Amino acid sequence: MKWLFFALVLALFGGNVLYQWMLNQPSYLLIVIGHHSWETSVWFALIMLALTVFLIWFGLWLLRGGFRGIGNQLQKVFVGAEVRGQRQTAAGLIYFIEGNWRQALRLLTRSAPVSSAPLVNYLGAARSAYELGDEQQANSMLAKAEEENPNAGLAVALTQARMQLLAKKYEQCAATLERARKLSPKHPVVLDLLRQVLEQLQDWQGLEKILPQLKRQNVVDEHELERLSRLVYIRQLQQAGQQDFSADAIESAWQKVPKNWRQSPEVVLIYVKLLEAEKAAINAESTLRKVLQKQWNSQLVLYYGLLKGADVQRQLLTAEGWLKERPGNAELLLTLGRLCMRNQLWGKARDYFESSLKIQGSPEAFAEMARLLAHLGEHKRSTEYYQQGLLLTADHLPDLPMPEVRNG
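The present account deals with the structure reproduced in this document.

Let us look at the overall build of the chain. Broken down by element type, the chain carries 19 helices and two strands. In the chain, which comprises 408 residues, the proportion classed as buried is 36%. Of all intrachain contacts in the chain linking residues separated by at least 6 positions in sequence, the fraction that spans at least 24 positions is 49%. Of the accessible surface of the chain, which amounts to about 26,300 Å², a share of 57% is contributed by carbon and sulfur atoms.

And the structure:
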């Protein structure tokens, strides 16, 4: 404060000295502009010039400060609105994740105009509106999203497809996903959704076409891919049997099955059953025989005993050849007993049935043995075998009190 007081005193003293000096220095200034003239002293003119310069500078400073203040206020308004929009968007997305669709729709819709990423707002709002049952508003939000970003066609299509899938509108969903595939043919999410839709539509041919892409893009794991492949070829075989129900149609569908799946017991069994239903048991027996020579399967062996081929004697000899390699196989022994029955070899059939029962007592073996004994006149033993087989079909009977056995 002392130096400020000293500076003020010095300024007053200096100003007084300068003023006295100017009074003792006569000066004259004449300004002529056209027919007008002004007379004054040089010192007064200099003072007025300095004052004018100061006033201009001060005016510009005020204007600049005013504009800056207005700009700051406008910036506060717009920046504040953007910040609020971001906060509302963040809150809306949290509600969206939590499944609070009504709050999510309200906040995402309100903050969309000032959001830095309005596409996200509109897509989230569309899904929220759909979950609330307002399909019209959901479509409106999707339209706004596409207007906001014309390059976001894939995101819009995927959002729409998910909503259609949830509503079980599978035909519409498939059409939407085909549109998405044109935008991005290899997109994993598009392929995964299309997989689900085609399975629901039971479009097995369409599903078969995308199987290679599902594998290349790692859309599903190996276990799921195997399940889908098996399902596709089984359903195509079954459809061939249902639509035309002819051996030619079934054979045509079989030829489309890849070689690795022609060794699948489940697929083979469906194929031979269709052939048998079409009175083509000869082809069915031949197919089963070839598969069993390469790959042993108990289920196929049992079915081999149910088929009546063109030469039942040769069929028996073939199965007996397998017995040399698998002497203790209960399913094969049951099949041999049945083939002996077809060849009317009753004693041999009885031996095979007994051998099968000693290794593994199955309801089928007990029933076959009981049926044979009944026709041979051994009704008491036949009844015993029926009872044992029946008990096997009712596993885990509870321990209950029983009446005493009455004699006579």
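And the narrative resumes.
At a closest axis distance of 8 Å, the pairing of helix α16 (residues 330-342) and helix α17 (residues 346-359) adopts a crossing angle of 165 degrees. With respect to α17, the axis of α16 lies roughly antiparallel. As for the relative orientation of α16 and α17, their crossing is left-handed in sense. Here A330, L333, L334, L336, G337, R338, C340 and M341 of α16 lie close against α17, whose contacting residues are W346, K348, A349, Y352, F353, S355, S356 and I359. Residues that form the contact of α16 with α17 fall into these classes: eleven nonpolar, three polar and two charged.

In a regular helix each residue adds 1.5 Å, so 14 residues correspond to 20 Å; helix α13 (residues 281-294) covers 20 Å between its end C-alpha atoms and thus fits that length. Buried residues of α13: A281, A284, E285, S286, T287, L288, R289, V291 and L292, and no others. Looking at the buried residues of α13, the elements they touch are α12 (265-277), α14 (298-304) and α15 (312-325).

Position of R181 relative to the elements: it lies in helix α7 (residues 170-183). Polar side-chain contacts of R181 include one of 2.9 Å to the side chain of Q213. With near-sequence residues (within four places) excluded, R181 lies in contact with V190, L191, L194, I210 and Q213.

Moving on: the pattern of salt bridges. Here the structure, examined in full by the defined rule, presents 16 salt bridges. Ionic pairing is found between E325 and R326, a salt bridge with its closest N-O pair at 3.4 Å. For R326, a relative accessible area of 26% corresponds to the partly exposed category. By sharing partners, the salt bridges in this structure join D192, R195, E199, E224 and R227 into a single network.

In this structure, L177, L214, L237, V272, L288 and L336 are the most contacted members of the largest nonpolar core, which totals 76 residues. Residues within four places of L336 in sequence aside, it is in contact with L316, A319, E320, L323 and Y352. Counting residues in each nonpolar core, the second largest holds 18 residues, with L105, Y130, A138 and L142 among its members.

Here the focus is α16. Relative to the 18 Å expected for 13 residues at 1.5 Å per residue, α16 spans 19 Å between its end C-alpha atoms, a close match to the ideal helical length. α16 sits mainly inside the fold: eleven of its 13 residues count as buried. Where α16 is concerned, the buried positions are A330, E331, L332, L333, L334, T335, L336, G337, R338, L339 and C340. Elements in contact with the buried residues of α16: α14, α15, α17 and α18 (363-375). The N-cap residue of α16 is N329: its side-chain oxygen and the backbone nitrogen of E331 are 3.2 Å apart. At the exit of α16 stands Q344, carrying a positive phi of roughly 60 degrees.

With that out of the way, let us pick up a nonpolar patch on the surface. A cluster of nonpolar side chains, namely I56, L60 and L63, defines an oily patch on the protein surface of about 310 Å² accessible area. Within the secondary structure, L63 is located in helix α2 (residues 42-98).

The topology assignment puts Y352 in helix α17. By relative accessible area, which is 12% here, Y352 ends up buried. For the pair Y352 and L334, spaced 18 residues apart in sequence, the C-alpha to C-alpha distance is 6.5 Å. Aside from chain neighbours lying at most four places away, what touches Y352 is E320, L323, L333, L336, G337 and C340.

Scoring rules and cut-offs
Residues numbered from 1 in each chain as written. Predicted model: local features only at pLDDT ≥ 70, side-chain atom pairs only at ≥ 80, totals over all residues. Heavy atoms only, no water. Helix = DSSP H or I, 4+ residues; strand = E, 2+ residues; numbered from the N terminus. Buried < 20%, exposed > 50% of the residue type's maximum accessible area, 1.4 Å probe, protein only. Contact = heavy atoms within 4.5 Å. Areas by Shrake-Rupley, 256 points an atom, 1.4 Å probe, with all protein chains shown as cover. Axes fitted to C-alpha atoms, helices over the stretch in contact; angles between N-to-C directions. Parallel < 35°, antiparallel > 145°, perpendicular 65-115°, else oblique. Left-handed = near helix turned anticlockwise from the far one by under 90°. Nonpolar A, V, L, I, M, F, W, Y, C, P; charged D, E, K, R; others polar. Expected span 1.5 Å × (residues − 1). Polar contact = N/O pair within 3.5 Å; in protein donor to acceptor, adjacent residues only side chain to side chain. Salt bridge = Lys/Arg side-chain N within 4 Å of Asp/Glu carboxyl O. Core = buried A, V, L, I, M, F, W, Y, C linked by side-chain atoms within 4.5 Å. Patch = residues over 30% accessible without salt bridge, like charges linked within 9 Å, V, L, I, M, F, W, Y side chains within 5 Å.

Take it as geometry only, folks, not as evidence of what the structure does.
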